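Remarks on the overall topology
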Amino acid sequence: MTGPAARLTRPLVRFRFDGRAYEARAGDTLAAALLANGVTLVARSFKYHRPRGIMAAGVEEPSALVTVGTGGRREPNTRATDVIVYDGLEAFSQNAWPSLDLDLGAVNGWLARLIPAGFYYKTFFGPPRRWMIYERFIRKAAGLGAPPVEPDPDGFAHRAAFCDLLVVGAGPAGLAAALAAAEAGQRVMLVEQDARVGGALLRDPVTIDGMAGVPWAEAAAQRIRMAGGRVLLRATANGYWDGNLVTVVERLAEPGQAPGASRLAQRLWKVRCGRVLLATGAIERPLAFAGNDRPGVMLSQAVRGYVRRFGVVPGRRAVIATSHDDGYRTAFALAEAGAEVVAVLDGRATPEGDLVERARARFPVFAAARPIATRTSGHRLAGVTAEVAGRTQAFAADLLAMAGGQTPVVHLHKQAGGELDWDEVTQAFVPGPSRQGQRSLGAAAGRSVLAAILAEAWEAGGGAARDFAVEDPCGPAQPAAAAVIPARLPGKAFVDFQNDVTLDDIDLAWREGYRSVEHLKRYTTLGMATDQGKTSNMAALARLAQAQGVAIPQAGLTTFRPPYTPTTLGAFAGPAVGDHAGPVRRLRLHAAHEALGAIWLPSGYWFRPRAYPQPGETPGEASLREARMVRSRVGLVDVSTLATFEIAGPDAAALLERVCATTVGRLAVGRGRYTFMLREDGLVFDDGTVWRIAEERFLLTSSTGGADRMAQHLSYVRNVLAPDLRVSVVNLQEHHCAAALAGPRATAVLERLTGDAAPLHMHCHRTAIAGTAVLVLAASYSGERAFEVYAPGDRIAAVWAALLAAAQEAGGGAYGLDAMDHLRVEKGHVVVGAEVDGRGTPADLGLGGMVRKAGGFVGWQGLQRPVLADPAGRRHLVGVESLAGPLPEGAMLVGRAGDEPQGHVTTAAPRVAGEGWIGLALLRDGASRHGETLHAWSATRGLDVPVRIGPPLFYDPEGARYRD
Amino acid sequence: MLLIDCPHCGPRAQEEFGYDRTLDSLVRIEDAPDAAMAALYARANPRGEDDEIWRHTFGCRGWMVLRRDRVSHAILSVRPLGPEALP
Amino acid sequence: MSGRYSALALLRGALGGHRHWGRAWRAAEPDGPYDVVVIGGGGHGLATAYYLASQHGVRKVAVVEKGWIGGGNTGRNTTIVRSNYRQPQLQRLLEHSLKLWEGLSDELNYNVMFSPRGALFLGHSDADMTRLAERGDSLRAMGIDAELLDLAAVRRLVPLLDCSPTARWPVQGGLIQRRGGTARHDAVAWGYARAADRLGVDIIENCEVTGFTRQGDAVTGVETTRGTIAAGKVAICVAGHSGHVAGLAGIRLPIESHTLQAYVTEPVKPMIDTVIMSQSLHCYISQSDKGGIVAGGDPDGFPSYAQRGQPMRLEDAIAQAIALVPALSRLRMVRCWSGVTDMSFDGSPIIGDLPLRNLHLNGGWCYGGFKATPGSGHLYAHHLATGSPHPIAAPFDLARFAVGRTIDEAGVGPMPQHR
Ligand SMILES: Cc1cc2nc3c(=O)[nH]c(=O)nc-3n(C[C@H](O)[C@H](O)[C@H](O)COP(=O)(O)OP(=O)(O)OC[C@H]3O[C@@H](n4cnc5c(N)ncnc54)[C@H](O)[C@@H]3O)c2cc1C
Ligand SMILES: [Zn+2]
């Protein structure tokens, strides 16, 4: 049972539109439900605010855009034809003020002659500020629906899938192909954007192998599932990418609807396919005539769909305007449902065939006839004026069903890199050669005879050749001839309904020389609306071809870009939002720091303790206290995030010599050295320390922020530049944690815990703390005697606890990153990201003396380039000492405020030992400017601080404090 | 998304891999400065095929040489990067 | 005849059915020899031709374009215009350009919709804020506007920004260049084309350069799909195709071509009034006058001439945009696209001479050359007309790579895939 009688058997569903309550039947689209309730005015168009109704029944709908849902689920610009009504659905009209019925924006329609395509390029001159004022109004007037302002309460998932065969579209062609493949044992996925399978079978009463179309389709889907195939409904294949990857967006909730238990609104499938069959159907073309956009003017197939699938008759008195047989099918469907067909206007001079003959017996059929204008009353269609064999004739009608030809849906085929062929009979582009093996079936391939479509699809799916018995009361469909666009048309004949692009606009663009399709499109905005030109592109092309006097394929073709239908951003983002917007790396000792009252500092994906403020302390006070604690007693800091690599093997030294610009090969066992690394262009990109643990075993540490880059670099040098070396590189940072103990009492604390003599400065040894074997490196970053203690990750808590207790006993405690920063500034140690900014040579950073003159490391060649080799004119690392209060970090170094910068303050810090502010800076020719007075000028912060330039070393210049 | 047939792991999604450089832009440590800078900075950058060094960074971490068409995105061959694959 | 554009002219058009508008630019046929042939009808190429004719009186100029003008990156970019870079050479270059943007609609008599709605960098940590302050201070010291904003000010400017302290990348403040903003990309190409055409420049579309004619080490013209065209000077201006076209002359460049993607959502009423950029998050967002949210992220990370992107980079960029502005989640993408960008090996453009006489290059603009369109054309024209670089463009010569005078805004070095 189909049609209005069947409708009443479906359960009631309640929804609201613009605040008014309505009833729908389960399974209705919002468009069907509105039509059933006699609501024909649904929207206002983008530019002229013309009253618009429902034109189509699927995703190609250009006009009936509404806002669905509220709060964070509000979805503006939702096609009423593409939302299934659910209980409680709230929809609102948009782009209309004060109301849909009386929309003041409609004045734009009266001004239409003033504001043709591209008018804004020709006016609104003057200074930019003036344009900004016009722009404010233009922006307000543009933009269709209002955006949500709240965060999205629902989730979106991503899911990967693999299949032998992906079939897109569950019309008869897609079903037949998927069924054949599934029953042949292939892993099959069938995806359908609609909520039901069946496609064209939902609107046309055919039988297949003796079964009515819709039950046949449902049975086929069932059999596919039984054979292990996956059938997804409300699932749109929206992108066909390289590598036979197809993305499919599955709606788990309708727009605006609260999702079920999964709390997921949509799921994005990434399907890597063996083969892809595209059975995506075809889209009906509208006709061009004045007033073709009025509520009540609809696509012919859509009308049939509303009648047969939803049992909704969109009008009582219908005119059919058609260029091929399709209009006749609609005429019969309407008549069957009790509507009166007042005229069939057939654009063909001599329509013939069985269907036409049968229609002539029932309806007034006019040959060589086409609509030329419409009449409305109260925003809805009241009559149609037609030209019949050269004479004008008027019909009273509240529905005009138009059939202007078929446009196969070739989007995915094109996205996949396929080419198109031109079919002269249907005046349509059809899929041509493919690049990724994709193949199109059914209407998407320009086919029209169902029995042949089924047989071809069956074979394409891998089934043995067979015939399908198809009965169609209208007889087999003929290829859909396209309507011819008249050379001249009075009035506004819309081509792009949503963006209000008329034939006149296209003609204007042509006149002005915007003649390539892309220029035309961009100048007029044709095809750029949310319907992506599904109903407009062919008409525009035809017009362009007409103007050029060439065939359509010569007029060109615009590209088809993903997504096939507009896709919710949340679906692309998937779970990577909110707390998952980026990974969080927690220190192994997170809880221990937390217990000490740490405040946190983001550092890449890590969160590291910034300071441990005591009650009443600001972070700044806390870090200064902590730094002074280190200078005077002892402190403990978590340095687990440092990049650490173990480099082992007979050629370990040889590898390090290639990576490091300093001498490392001659390092004695048990000793360590400061080192740095260059990029191939000769500039410093990271620094750290290198230790010889055993004859053939080294440890390399480098910066936290550069850890991934260093891992990559080591792997590159080892595997690409020096594949013959007998050496292994292991990233220890993933296994080990470390704490650094620093201060005048550090030696005592360490020795008490280990019972061993502490290693000398830049020596290392193995010992044990808290029953755990640890490696101790005596390196000082703070300028005090200091030790980095490395322990396996799962043992660090005990080691840290023991070190902390002992440090506290010695009058010390934990210190954070800010204190560490203060300490290192006093010592002039550089940091990647501040002083090491990827633009400096070793000499710029005062490290020139350490570079191996003989080369033999990455970057040595780059360093020979004259501008790098000559220090003159380069920025050098210097120390700056404030002569008046706090030093603004990042400030420019200038002779006087207002001058051009000569350098900038890279890091600033309060003095730990003593008072006042100091900093590090990069200054042009800085090495020779010690003693000069300059200004640290921060215009953005309104600060201007006189500073004295000096060496980048403020504390213990002899290094007496960390040597023994 | 490209599908790269890692010599070690088999076909894997491109997002697991990282492009490093073209084979002909390899700078060897032994190269003289002028030759090194020429390799580094003077790139063929063909609108067609080229040999490229990639790494299966989020997989086996191995290095390989892809022969790839930069217009069609077809991958014509994948070789493990051993001494024999290097110029 | 293509009359002057004005409100009055529009009114006249309204009365006459807009029949009086002529072609914005002629469909010129090759008609050599030319003083200068500019290869590439993008914004840069057209601007170069326009300034050659308007500033230097060089009128025998042709722009040859393989497709339709503006169809390359000019018509594909996210249209952000600003001069708030960090390196002084780039600051000078882009400020020169920004000043030209400010008068461009009037100069061209074509509304390019330059909209100085503000270009805002977000800071997500103390370190970010320091680097933003540094950038701001350096700009101000160069006489370029920059304003450091605290969190409250950022929130006022972009109320829909997630400013909560618990956000994964909490916003701490920002740096705004109020004179920065967006412009209408197509209009830039068309406006320059129309203005150049009126000065006699031949704009030749569907004309691909396939080789060069030479006499010894001097270039004497171009071979094209529409025949050989003789030229006194040949000016390459082909963005992502720089490597290919220079290759036709046997020249290798420090440039690799990579894909950059962008996307636009369905139009909605105004929700974001300024340009938002986050360098820590690698995304940038603005709202077009039509109402679509236009945004992008990082390049795809490997060489390609395909103008076809990979979905995961798109997903990253979208996720980051939603992290910044959660209300974007329910908007729908209506289109995504890609351009072939000419990634230079220090991230800065190359403007100047090539090793062959009479052959010149303007390229290597990476993913950031739209903002430079007027300035780049202006300076390149100067170079072509006078035979020597304009002081502002001088640092951007090709020789800088060999001598080590690179201008590396990101400090990344010769690794375009990490830029
Ligand atoms: C997605 C994306 C977003 C971007 N966002 C921004 C942004 O927000 N702000 C910003 O400042 N920049 C941005 N850019 C960069 C900017 O678009 C480019 O740097 C700039 O447009 C380059 O200008 P052009 O005029 O030289 O290039 P194009 O417009 O690409 O022009 C080059 C022209 O040369 C033609 N050509 C190529 N080969 C030949 C040949 N052999 N013969 C004849 N003609 C040829 C091409 O067809 C093309 O039209 C973005 C780029 C992309 C891809
Ligand atoms: Zn692998």
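Residues numbered from 1 in each chain as written. Chains lettered and ligands numbered in written order. Predicted model: local features only at pLDDT ≥ 70, side-chain atom pairs only at ≥ 80, totals over all residues. Heavy atoms only, no water.

Labelled according to an unreviewed UniProt entry, chain C appears under the name Sarcosine oxidase subunit beta, originating from Novosphingobium aerophilum. Turning to chain C, the UniProt annotation filed under Subcellular location (unreviewed entry) states: "Cytoplasm". Annotation of chain C in UniProt includes, under Sequence similarities (unreviewed entry), the sentence "Belongs to the SoxB family." (UniProt positions renumbered as here; feature names shortened; annotations may be inferred.)

If you look chain A up in an unreviewed UniProt entry, it shows as (2Fe-2S)-binding protein from Novosphingobium aerophilum. Under Sequence similarities (unreviewed entry), UniProt gives the following word-for-word description of chain A: "Belongs to the GcvT family."

As for the site of ligand 1
Residue and element names in this part refer to chain C. As a matter of local geometry, ligand 1 sits amid 37 residues, with E65, N73, T74, T78 and K371 nearest to it. Contact distances for ligand 1 include 2.9 Å between an oxygen atom and a backbone N or O atom of H44. Coverage of ligand 1 by the protein chains reaches 97% of its 1000 Å² of free accessible surface. Elements with a minimum of two residues in the shell around ligand 1: α2 (43–56), β12 (255–265) and β16 (332–344). The element best represented in the shell around ligand 1 is β12, accounting for 3 residues. Considered class by class, the residues forming the shell around ligand 1 number 15 nonpolar, 17 polar and 5 charged. (Near = heavy atom within 4 Å. Polar contact = N/O pair within 3.5 Å; in protein donor to acceptor, adjacent residues only side chain to side chain. Areas by Shrake-Rupley, 256 points an atom, 1.4 Å probe, with all protein chains shown as cover. Helix = DSSP H or I, 4+ residues; strand = E, 2+ residues; numbered from the N terminus. Nonpolar A, V, L, I, M, F, W, Y, C, P; charged D, E, K, R; others polar.)

Here's the deal with the UniProt feature "domain: Aminomethyltransferase C-terminal" (unreviewed entry) in chain A
Per the UniProt record, the feature "domain: Aminomethyltransferase C-terminal" (unreviewed entry) sits at residues 875–956 of chain A. Here residues 875–956 of chain A runs as 0% helix and 50% strand, with 25 Å between its end C-alpha atoms.

Considerations on the domain arrangement of chain C
Interfaces are frequently sized by the accessible area removed from exposure as the parts join. All names here are of chain C. As assigned here, chain C comprises domain 1 (28–79 + 185–251 + 346–412) and domain 2 (116–181 + 257–342). The C-alpha centroid of domain 2 is placed 29 Å from the C-alpha centroid of domain 1. Contact with domain 1, which involves 16 residues of that partner, is made by 18 residues of domain 2. Inspection of the domain 1/domain 2 interface yields 1 salt bridge. Residue E409 pairs with R135 through a salt bridge whose shortest N-O separation is 3.9 Å. Remark: the boundary between domain 1 and domain 2 carries 9 residue pairs in polar contact (both at pLDDT 80 or more). With 3 residues, the single largest contributor to the side of domain 1 that touches domain 2 is helix α8 (residues 242–248). Considering only residue class, the side of domain 1 that touches domain 2 consists of 4 nonpolar, 10 polar and 2 charged. (Domains from an automatic or database assignment. Contact = heavy atoms within 4.5 Å. Salt bridge = Lys/Arg side-chain N within 4 Å of Asp/Glu carboxyl O.)

Side note on the interface of chain C and chain A
Taken residue by residue, the interface counts 109 residues in chain C and 119 residues in chain A. Carbon and sulfur atoms supply 55% of the area buried between chain C and chain A, which totals about 9500 Å² over both sides. For the pair chain C and chain A, the number of links is 13 salt bridges. For R330(C), the salt bridge is made with E75(A), and the minimal N-O distance between the two is 2.9 Å. Along the contact surface separating chain C from chain A lie 65 residue pairs in polar contact (both at pLDDT 80 or more). (Buried area = accessible area lost by both parts, 1.4 Å probe.)

Quick notes on the sheet that holds strand β22 (residues 380–388) of chain A
All names here are of chain A. With antiparallel pairing, 3 strands are arranged side by side in an open sheet as β21-β22-β23. Looking at the sheet topology across the chains shown, the edges are occupied by β21 (369–377) and β23 (391–396). Averaged over all adjacent pairs, the angle separating strand axes in this sheet is 25 degrees, with direction ignored. Two elements, β22 and β23, share 6 bridges in a ladder whose sense is antiparallel. Counted as the bridge partner of V384 is F395 from β23. (Pairing = 2+ DSSP bridges. Axes fitted to C-alpha atoms, helices over the stretch in contact; angles between N-to-C directions.)

Here we look at the coordination of the zinc ion (ligand 2)
All names here are of chain B. For the zinc ion (ligand 2), the full set of protein donor atoms is C6 (SG), C9 (SG), H56 (ND1) and C60 (SG), and the range of their distances to it is 2.0 to 2.3 Å. If you look at the zinc ion (ligand 2), its 4 donor atoms make angles of 105 to 116 degrees with each other, and the shape they trace is tetrahedral. When the donors of the zinc ion (ligand 2) are listed by position in the chain, the intervening gaps give C-x2-C-x46-H-x3-C. Pair noted here: C6 is in strand β1 (residues 3–6) and C60 is in the loop between β4 (49–55) and β5 (63–69), with a separation of 54 residues, a long-range link. Given a relative accessible area of 29%, C60 falls into the partly exposed group. (Donors = N, O, S within 2.8 Å, 3.2 Å for Na, K, Ca; no water. Tetrahedral: all angles 85-135°; square planar, octahedral: opposite > 155°, others 65-115°. Buried < 20%, exposed > 50% of the residue type's maximum accessible area, 1.4 Å probe, protein only.)

Things to note about the state of the cysteines
Throughout this description, disulfide means a covalent bond between two cysteine sulfur atoms. Here the structure, examined in full by the defined rule, presents 0 disulfides over all chains. Of the cysteine sulfurs around C737(A), a residue in no disulfide, the closest is that of C764(A), at 19 Å. (Disulfide = S-S within 2.5 Å.)

Observations regarding the interface of chain C and chain B
With 27 residues of chain C at the contact, the number on the chain B side is 23 residues. Interface of chain C and chain B: buried area, both sides summed, is about 2300 Å²; carbon and sulfur atoms make up 51% of it. Here chain C and chain B share 3 salt bridges between them. E208(C) is the salt-bridge partner of R47(B), the closest N and O atoms lying 2.8 Å from each other. Run the count over chain C and chain B and you get 18 residue pairs in polar contact (both at pLDDT 80 or more). Residue assignment for the side of chain C that touches chain B shows that the elements contributing at least two residues are α8, β12 and α9 (311–324) of chain C. Looking at which element gives the most residues to the side of chain C that touches chain B, the answer is β12(C), with 4 residues. Its residues placed into classes, the side of chain C that touches chain B shows 12 nonpolar, 10 polar and 5 charged.

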